[in-house]
Amino acid sequence: MVATMPDLKSRWKELPENAPEAIVCANFIPFFLKALGFNHPEEIFPQFPTGRKNAGNVTVDFAARKNQTSDRFSHNPINPYLIGSPVCVVISKAYDS
């Protein structure tokens, strides 16, 4: 099932004020990724390693990439199309009217 904008808006409004990152990851991000067209579990890589150990950010909360014919992102986690962290979602939620 592909998430629609009303589905996303509903999920967004269901988030508690100052929702912790874990709640945003569990209750919003999967629908957000589906709305962007990432519909298969093998297209999404949670806790994606960035390789930036010196910066202190060893992983981001999620990454996604469309699969090629024989190249599954979950099996070959390189060159993601999208990387992110729900921290930006939580900050944006504080400014939602």
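If you're wondering where the values come from, they're calculated on a predicted model, not measured in any experiment.

## Re the pattern of salt bridges
And then number 1: Summed over all chains, the structure comprises two salt bridges.
And then number 2: We note a salt bridge from K66 to E43, for which the minimum N-O separation is 3.7 Å. Of this pair, K66 sits in the loop between β2 (57–64) and β3 (82–84) while E43 sits in the loop between α3 (29–35) and β1 (44–52), placing them 23 residues apart in sequence.
And then number 3: Relative accessible area serves as the criterion here: at 29%, K66 is assigned to the partly exposed category.
And then number 4: One salt bridge in this structure joins D71 and R65, with 3.1 Å as the shortest N-O distance.
And then number 5: D71 sits in the partly exposed class, given a relative accessible area of 23%.
And then number 6: R65 sits in the buried class, given a relative accessible area of 4%.

## A few points about the environment of S85
And then number 1: In this structure, S85 sits in the loop between β3 and α4 (87–94).
And then number 2: Note: C-alpha distance between S85 and E21 (64 residues apart in sequence) is 8.4 Å.
And then number 3: Leave out the neighbours within four places in its chain, and S85 touches E21, D61 and F62.

## A few points about the packing of aromatic side chains
Remark: the centre distance and the inter-plane angle together describe each pair of aromatic rings, the angle taken between the planes.
And then number 1: Overall, the coordinates contain five aromatic pairs when judged by the stated rule.
And then number 2: For the ring pair F45 and F48, a centre distance of 5.6 Å and an interplane angle of 90° mean the geometry is edge-to-face.
And then number 3: Taken together through their ring pairs, the aromatic side chains of W12, F28 and F32 make up a single cluster.
And then number 4: Between the NZ or CZ atom of K66 and the centre of the ring of F38, over which it lies, the distance is 5.4 Å.

The rules behind these values
Residues numbered from 1 in each chain as written. Predicted model: local features only at pLDDT ≥ 70, side-chain atom pairs only at ≥ 80, totals over all residues. Heavy atoms only, no water. Salt bridge = Lys/Arg side-chain N within 4 Å of Asp/Glu carboxyl O. Helix = DSSP H or I, 4+ residues; strand = E, 2+ residues; numbered from the N terminus. Buried < 20%, exposed > 50% of the residue type's maximum accessible area, 1.4 Å probe, protein only. Contact = heavy atoms within 4.5 Å. Phe/Tyr/Trp six-rings, centres within 6.5 Å; stacked < 30°, edge-to-face > 60°. Lys NZ or Arg CZ within 6 Å of the ring centre and 35° of its normal.

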